[in-house]
Amino acid sequence: MVEKTLEKLFHETLKDVYYAERKILKALPKMAKGAASSELRAAFEKHRDETEMHVERLQQVFEIFGKRAQGKTCDAIEGIIAEGEEVLDEFKGEPALDAGLVSSAQAVEHYEIARYGTLARWAAELGLKDAMALLLQTLEEEIATDQALTKLAEGGINRKAQKMAA
């Protein structure tokens, strides 16, 4: 029986977020294509490029940790992405579509922020300073993306959804 240590927890969570990032890479083009707002579409496309870098960094973290890069099914991201796909289907062509897409994207960002923050703290505890630096770099980008999405929502996407419905 494998002992349940912080190293094991770090590895399992790393596999979880690696799976999530790769799943997000597949979802972002669909979200970009579905967005009515050109600014939101551009934000999704930019984040797709960043997400490719996040996957590469995670591969480096696996290497630093001495493990092969591999994912394990992440039920949380599966559910969050499924909700985003529901928004795309149910609100297609409707005034609230972009507001729903921002909400779905922020759910993804908040999940990632929680995971990267935790992994960075654990990397520090485990003495993996190089891994911690990579994880913190991605954490900062995820926070910036969340803030950019909030700015888009507050900058008119939410108001447009409400006014068009009125």
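What you are looking at is a predicted structure, and each value in this text was computed from that prediction instead of being measured.

Re the packing of helix α3 (residues 75–90) against helix α4 (residues 97–125)
- Here α3 crosses α4 at 175 degrees, and the two axes come no closer than 9 Å. What the angle tells us is that α3 and α4 run roughly antiparallel. Of α4, the residues touching α3 (which contributes Ala-76, Ile-77, Ile-80, Glu-83, Gly-84, Val-87 and Leu-88) are Leu-97, Gly-100, Leu-101, Ser-104, Ala-107, Val-108 and Tyr-111.
- In the contact of α3 with α4, the residues fall into ten nonpolar, three polar and one charged.

A look at helix α1 (residues 6–34)
- Between its terminal C-alpha atoms α1 stretches 41 Å, which fits the 42 Å expected from 29 residues at 1.5 Å a residue.
- At Lys-26, α1 shows its strongest bend, of approximately 30 degrees, with the proline Pro-29 following within four residues.

Some points on the packing of aromatic side chains
- Tallying each qualifying case throughout the model produces two aromatic pairs.
- Aromatic pair Phe-10 and Phe-65: ring centres 5.0 Å apart, planes at 65 degrees, arrangement edge-to-face. Note that Phe-10 is positioned in helix α1 and Phe-65 in helix α2 (residues 38–65), a separation of 55 residues in sequence. Accessibility assignment for this pair places Phe-10 and Phe-65 in one class, buried.
- Consider the rings of Tyr-18 and Phe-62, whose centres lie 5.4 Å apart with planes at 80 degrees: the pair is edge-to-face. Of the two residues, Tyr-18 sits in helix α1 while Phe-62 sits in helix α2, which places them 44 residues apart along the sequence. The burial state of Tyr-18 is the same as that of Phe-62; both residues are buried.

As for the pattern of salt bridges
- This model, assessed by the stated rule, comprises nine salt bridges.
- Residue Glu-12 pairs with Lys-15 through a salt bridge whose shortest N-O separation is 3.0 Å. Of this pair, Glu-12 and Lys-15 both sit in helix α1, three residues apart, which is roughly one turn of the helix. Lys-15 matches Glu-12 in its accessibility class, with the two residues each being buried.
- We note a salt bridge from Glu-85 to Lys-30, for which the minimum N-O separation is 3.7 Å.

Conventions adopted
Residues numbered from 1 in each chain as written. Predicted model: local features only at pLDDT ≥ 70, side-chain atom pairs only at ≥ 80, totals over all residues. Heavy atoms only, no water. Axes fitted to C-alpha atoms, helices over the stretch in contact; angles between N-to-C directions. Helix = DSSP H or I, 4+ residues; strand = E, 2+ residues; numbered from the N terminus. Parallel < 35°, antiparallel > 145°, perpendicular 65-115°, else oblique. Contact = heavy atoms within 4.5 Å. Nonpolar A, V, L, I, M, F, W, Y, C, P; charged D, E, K, R; others polar. Expected span 1.5 Å × (residues − 1). Bend = angle between axes of the 7 residues up to and from the residue. Phe/Tyr/Trp six-rings, centres within 6.5 Å; stacked < 30°, edge-to-face > 60°. Buried < 20%, exposed > 50% of the residue type's maximum accessible area, 1.4 Å probe, protein only. Salt bridge = Lys/Arg side-chain N within 4 Å of Asp/Glu carboxyl O.

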